[in-house]
Every structure is written in C-alpha cells, then in structure tokens.
Amino acid sequence: MQQAKFKRSRKAALIFMVPAATLMLNGCGSEKTAEVQVFSTPDECAAFYNPPAECQAAFAEAQALHPVVAPRYANKQECEADFGVGQCETAPAQQQQQASGSFFMPMMMGFLAGQMLNRGGGMAAPQQQQQSAAAAGGRNTVPNQPLYKSRDDQRTFRTATNTPVAAQSGPTQIRPSAVQPKPATMARRGGFGAQAQQRAAAAPRQTTMGG
Amino acid sequence: MKKVPIAPRPGWQAFAESVGFQFHTIDNEPYWDESAYYQFSLAQIEDDLETPTEQLHQMALDLVPDILQSEEKLKQLGIPETFWDAVRYSWENGEPHLYGRMDFAYDGKGPAKLLELNYDTPTSLYETGFFQWVWLEDQQMRGALPTGADQFNSLQDKLEQAFAELPLPRPFYFSSVTESQEDKGTVDYLMDIALQAGLDSRYIQLEQLGDIDGQLVDLEGFPIEGLFKLYPWEFMLQEEFANTLISSNTRFVEPLWKILLSNKGILPLLWQKHQGHPNLLPAFFDDGKQPLSAGWVRKPLFSREGANIELITDKGERLFQPGPYDDAGYIRQAFSPLPRFGDSYTLIGSWVVGDLAAGIGIREDNSLITKDSSRFLPHIILD
C-alpha cells in the first residue's frame, strides 16, 4: 500500500553498462547456422530437385542485387587482378559517383538461395526444414544474393564481401550474420561533429554536448 | 528543503566505475558528491516541483504551433529559414519526444522559478535516474537513512516505459560525439534502458554517420531509420550533412521541433503569453548590444552548461562565464538568485519524460552560474 505512493522507480537495474553482463549479451558463438543452397545457374538449381519457378525467382533476386552489392573498382585492371581476365564488367553509376567516371565490378558467377525449400534429393523432410527456417526468423534469414569466384580460387563461391560460402553447388550450412548483403556504395562520412570540435577548441573544459 | 551532511559510502568510486560511471570525477574535481544530500518534504516535491513541471511543460508545448505560424517568432528564435518546413513537418507529423529537463531556482519556499528548458540534449540523466537511486537504497541498507525515505526519481521507470511504447523504428541507433566520455555514459544508460524495454539498440559515433544519396546510413551502409542523437540540433543544421536531415528517411529523437523549446527564446515567448505566472521570470529578447543593468541575466539563444552567460546581481555584482556560444541572438531574464546552502549555490533540474514529471537532480556550484563542472548531489523525500 505504501508502494503506490513511492515517487521513485521500482527498480533501477543495468544490463549492458555492467561489464559482466555485456559478455553474456554478446553471447559467444550462440548464433545458429542456417541451411542455404548455392548454384551457378537456375537450371542447375532445378536439377537439385528444386521447383524451377523458385529457382528462377531466387536467381532473379540475386541478379537484381548484383549491381548493388558487387565490390567496386576504380579501373578494370584492379578488378581483373582479383577476379581474372575477362571476368569484370562496368558497374552502373551511382548518383554520388557520376563526377568520378565509371567503375568496374566482377561478374556474377552464381547465386545463393536462402529460403528455398528443397523437395528431395535425400534432404531432410520439408516439414523439418520449414521449422528450422521459421526458427531462423527475423534478421537471421538469409537473403537470396549473387555469388562470385576469385581469380586464384575458381572453385569457391564467395559473397560480395568475400565470405566463402561453398566449394560446390547444392546445400550448405552458413552463419546468417556472415552473409547479409551490404550496399557497395561508399558512404560519405564525417558530416556531423564539426561544431563540437570548434567549440571544444574554444572551451576545452566543456565535457558534454548536452546541458 | 535542507542540506544534510552524510558519510560517503566507503569505496563508492570503485563501485561507480564498475557500473559505467567513469565521469564521477572530472579533471580531478569531484562531480558526483555524496558528502551531503538535500531533503524535501513530500508537499514541496509535489506542489512546488512536480505539478509546476507538468504545467510549464504543457505551456511550452502549446507555444509550438504559435511559433510555427509566425515568421517573426521563428526569426527571433534564430531558426535557419531553410529548415522552417522541416521543423513544421516534424511537429505536424507528430514525431514523438522522449525527454527534457527544466532548471529551477527553488529554496523550499515559494514558487520555483523557471530558469531555462533543456529540451534537446539534457544530460545528468544517469546520475539522476540510476546512481542517486542506488545511493538511497545503499544508504538505507546501511542504516544511514531511514527506510521511509523516498526520492523524486521515477526517471528510469518512465524511460523504460517510453522506449517500450514509442513508435520507434528498429533497429534504433544511438549516437554521441566521440570525444565526450560523459556523453557516451549518458547514451550507454539510455541504450541500457532501451534494451531492457526490448528495443534493438545500436551505437554509432556521431562522426561515423554516413550519407548515401541523402540517406543516413550506419557503418555497413544500412539505412538508419531511427536515431537518438546527443548532439544539438542547432549544430547539426550548420554542418556538412545538414541537408541529409531533410532528405533522410530517419526518425530523430529528440525530434527537430524540439529546437524551438531547447531555445532560450522560449523564455520571453512564455512570458509574453503568461505574464505574471508564478513560476516564470520576466524575460525579453535582447540584441546583446546594450550594457546589462542590475538584476538581469543575459543568455545566448543557444548555450549549454552556463557558457556565455552574463549576470548582474541586484547589488550590481557582475559575473560572466565565457564560452563558445556567442554566434546567435540573446535573451534577457530577470535575475532570481539560486539559494545558498553553506558555500554553494543550488539548482534543481526537473525531468520530463513524455509529458510527465519524472524526478529531480540537484547541481551545486561555488558561483551563481551553474556550469558543467558543478557537482551533483543526491536528495531524499522525508516528512
């Protein structure tokens, strides 16, 4: 009954500012792997007992993502040094890059299908897979995306950020966080904070931007 | 209201550091000071601080549409014309506000006098919401304070509720300038509460915010759709990415319309509309060119931590705090001296979360101008 009259918080706990708790939050190695499939072409995908329409759809998504995520090179030579002669193409211009001429990117050598349900080929029962796909949930799901092969390792499929995914076509296990596609565009940075620096120089004692 | 000496908890510094309070001492000067506490009656808290806080908050909110409809007022507040539409949009779009702090001169008797609103980047949050709360629990456990003692401090509860209920995009980012350990401490505390409320919270240094074709992005290039920034709006509007603030699909906390209320110009506008209100001091816009007369304080429209404030007491004693905020207009406010307890002048910071009063934090300084070096003292409620 006195509780109702209290003018202070019921609790004031910290979970993240306390170092011991931080370790727990980071949860070493707690991420579950997910099963995905990698293929060179939609036809190869269909040959692995996948529905051809789903193969085509996953391929189309990967293809659309390709110009967004593929690594950018300022010239063809640098790109071919990493991906091999004849393996690079012109990258579409992005708004902020127009002034600085054209860019190059590697050709797409395959695709990763993140959510496709394999219908056979000795794989786990569809129901079981459906459950694991659901369990992966939210940000852990793996987007369909393009794959690349480097000049010095023509077997291994790699993501646009150079994460090796598999050395052969078909199903494979990966950590979802390692294969999240990122835009290759270089962001401009450092556009905020100048006033803080100027004013800190004028008043070195000032310890906060707040008040 | 009285100041009562009490023995500091042995070893409190090590405990403070273990819970992220690295800035308990700043440049070898004590910041957190638990050698004494302030004691209030429940009536003083409820009648003189809590109720006026919510009333003044409402009066301030009610001014926002007035200002947005008046070019004259927007100019008086020094809002750059290119951002008028954006400020208006953020208000009309109902972008939610999280918190603010108003500062009062109050001595336990008579009405608390509003000195200013810190409605964009208020700090001393962690000290108020967490560390003084723990101090009270500790001192009660040690038998140094009666178990019936309470504290006006529901800050953490209310912030947690706000993070749980506000329509914030996920993931939600928190940002502060790299060089300020104190600001990082404040942001860490907010992130901690947000995490407890179930919000997917991430930190990015303010200087690391990226821009891709007018969209704010994180270090990996993902769009930032929700951002808490412990950095003044009036600075952001002057910097390289100012236009990104308009084009970016990002919900900011505090929202842009808070630039109207964190502005000292709100004080003359409040006075114009509510002249004679017991919690308000007479205040007027000022060009900063005339010499100040006795019994007045001059403050820049945008200033923090007491910087660039000039004050002349009723007896003609002049105080001036130099600082880096001399590039906009000024206001003039009637001088209402901070009460003196021993050798210190005492200021009360009264918090608002959402639209509710959420507790107080007390600052002490050796001078009549409260600065960033002012000490923070805990308080209790005991009748």
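The notes below deal with the structure included here. Just so it is clear, the model here is predicted, and its values are computed rather than measured. (Residues numbered from 1 in each chain as written. Chains lettered and ligands numbered in written order. Predicted model: local features only at pLDDT ≥ 70, side-chain atom pairs only at ≥ 80, totals over all residues. Heavy atoms only, no water.)

## Considering the overall build of chain B
Thought 1: Looking only at helices and strands, chain B has 11 helices and 22 strands in total.
Thought 2: The C-alpha radius of gyration of chain B comes to 20 Å, within 12% of the 21 Å expected for a compact globule of 383 residues.
Thought 3: When the backbone C-alpha atoms are referred to their principal axes, chain B occupies close to 60 × 50 × 35 Å.
Thought 4: The buried share of chain B, taken over its 383 residues, is 66%.
Thought 5: Long-range pairs, those at least 24 residues apart, make up 68% of the contacts in chain B between residues at least 6 apart in sequence.
Thought 6: Entry remark: accessible area of chain B is about 13,500 Å², with carbon and sulfur atoms responsible for 48%. (Helix = DSSP H or I, 4+ residues; strand = E, 2+ residues; numbered from the N terminus. Rg over C-alpha atoms; globule rule 2.2 N^0.38 Å. Buried < 20%, exposed > 50% of the residue type's maximum accessible area, 1.4 Å probe, protein only. Contact = heavy atoms within 4.5 Å. Areas by Shrake-Rupley, 256 points an atom, 1.4 Å probe, with all protein chains shown as cover.)

## Topic: the interface of chain B and chain A
Thought 1: If you look at the interface, chain B gives 81 residues, while chain A gives 45 residues.
Thought 2: Where chain B abuts chain A, roughly 5,500 Å² becomes buried across the two surfaces, and 52% of that area is made up of carbon and sulfur atoms.
Thought 3: For the pair chain B and chain A, the number of links is eight salt bridges.
Thought 4: We note a salt bridge from B:E240 to A:R188, for which the minimum N-O separation is 3.4 Å.
Thought 5: Where chain B touches chain A, the interface holds 33 residue pairs in polar contact (both at pLDDT 80 or more).
Thought 6: Taken together, the residues of the side of chain B that touches chain A sort by class into 36 nonpolar, 20 polar and 25 charged.
Thought 7: Alignment of strand 9 (residues 188-189) of chain A against strand 9 (residues 210-212) of chain B, held across two bridges, turns out to be antiparallel. Residue pairing across strands places A:R188 opposite B:D211, the latter belonging to strand 9 of chain B. (Buried area = accessible area lost by both parts, 1.4 Å probe. Salt bridge = Lys/Arg side-chain N within 4 Å of Asp/Glu carboxyl O. Polar contact = N/O pair within 3.5 Å; in protein donor to acceptor, adjacent residues only side chain to side chain. Nonpolar A, V, L, I, M, F, W, Y, C, P; charged D, E, K, R; others polar. Pairing = 2+ DSSP bridges.)

## Focus: the packing of aromatic side chains
Thought 1: Following the criterion strictly, the structure yields 29 aromatic pairs over all chains and no others.
Thought 2: Members of the aromatic cluster, connected to one another through ring pairs, are B:F15, B:F21, B:F23, B:Y31, B:W32, B:Y126, B:F130, B:F131, B:Y189 and B:F376.
Thought 3: The ring of A:F157 has A:K149 sitting right over it, with the charged end atom 4.3 Å from the ring centre.
Thought 4: The cationic tip of B:R101 hangs over the ring face of B:W351; the distance from NZ or CZ to the ring centre is 5.7 Å. (Phe/Tyr/Trp six-rings, centres within 6.5 Å; stacked < 30°, edge-to-face > 60°. Lys NZ or Arg CZ within 6 Å of the ring centre and 35° of its normal.)

## Observations regarding the nonpolar core
Thought 1: Within the largest apolar cluster, 74 residues are counted, with the highest numbers of intra-cluster contacts made by B:F40, B:L49, B:L114, B:I259, B:L260 and B:I348.
Thought 2: A per-element tally of this core places helix 2 (residues 42-68) of chain B first, with 10 residues.
Thought 3: Setting aside residues up to four positions removed in sequence, B:L260 forms contacts with B:V64, B:I67, B:L68, B:L74, B:L77, B:I79, B:V87 and B:I266.
Thought 4: Core analysis: the second largest hydrophobic core is formed by 50 residues, A:L14, B:F21, B:L190 and B:I193 among them. (Core = buried A, V, L, I, M, F, W, Y, C linked by side-chain atoms within 4.5 Å.)

## A few points about the sheet that holds strand 13 (residues 283-286) of chain B
Residues and elements named next belong to chain B.
Thought 1: Strand order in the open sheet formed by five strands is 13-17-14-15-16, with antiparallel pairing between adjacent strands. Each end of this open sheet is capped by a strand with a single partner; those strands are strand 13 and strand 16 (318-321). Taking the axes of each pair of neighbouring strands and ignoring which way they run, one obtains an average angle of 15 degrees across the sheet.
Thought 2: With five bridges joining them, strand 14 (residues 296-300) and strand 17 (residues 330-334) adopt antiparallel strand pairing. Residue pairing in the sheet places P300 in a bridge with Y330 of strand 17.
Thought 3: Lying on the sheet, helix 11 (residues 266-273) is in contact with strand 13 and strand 17; it crosses strand 13 at an angle near 130 degrees. (Axes fitted to C-alpha atoms, helices over the stretch in contact; angles between N-to-C directions.)

## A closer look at the side chain of B:T346
Residue and element names in this part refer to chain B.
Thought 1: Of note, T346 is situated in strand 19 (residues 344-353).
Thought 2: The buried category is assigned to T346, whose relative accessible area is 0%.
Thought 3: Of the polar contacts made by the side chain of T346, one reaches the side chain of Y38; its length is 2.6 Å.

## What about the side chain of A:N144?
All names here are of chain A.
Thought 1: Mapped onto the secondary structure, N144 falls in the loop between helix 5 (126-136) and strand 5 (145-150).
Thought 2: Separated by 3.4 Å, the side chains of N144 and E61 make a polar contact.
Thought 3: At 2.7 Å, the side chain of N144 and the backbone nitrogen of G114 are in polar contact.
Thought 4: Discounting residues that sit within four places of it in the chain, N144 has contacts with A58, E61, L65, L112, A113, G114 and Q115.

## Details of the sheet that holds strand 8 (residues 170-174) of chain A
All names here are of chain A.
Thought 1: With antiparallel pairing, six strands are arranged side by side in an open sheet as 7-6-5-4-1-8. At either margin of the open sheet sits one strand with a lone partner, and together these are strand 7 (164-166) and strand 8. This sheet shows a mean twist of 45 degrees between the axes of neighbouring strands, independent of strand direction.
Thought 2: Where strand 4 (residues 110-113) and strand 5 come together, three bridges link them in antiparallel fashion. Along strand 5, the bridge assignment pairs F111 with P146.
Thought 3: The strands touched by helix 3 (residues 52-69) are strand 4 and strand 5; relative to strand 5, the strand with the most contacts, the crossing angle is about 65 degrees.

## Some details on the pairing of strand 19 of chain B
Residues and elements named next belong to chain B.
Thought 1: Within strand 19, 10 of the 10 residues are buried, which leaves it mostly tucked inside the rest of the structure.
Thought 2: Residues S344, T346, I348, S350 and V352 of strand 19 are buried on one face, and the alternating residues Y345, L347, G349, W351 and V353, pointing to the opposite face, are buried as well.
Thought 3: The pairing of strand 5 (residues 99-105) with strand 19 spans six bridges and is antiparallel. Paired with G100 across the two strands is V352, which belongs to strand 19.
Thought 4: Pairing analysis gives two bridges linking strand 18 (residues 340-341) to strand 19, with the strands arranged antiparallel. Paired with R340 across the two strands is Y345, which belongs to strand 19.
Thought 5: Here strand 18 folds back onto strand 19 in antiparallel fashion, the turn holding two residues, of which G342 has a positive phi close to 65 degrees.
Thought 6: Here strand 19 runs beside strand 20 (residues 356-365); their pairing, made up of nine bridges, is antiparallel. In the strand pairing of strand 20, T346 is matched with E364.

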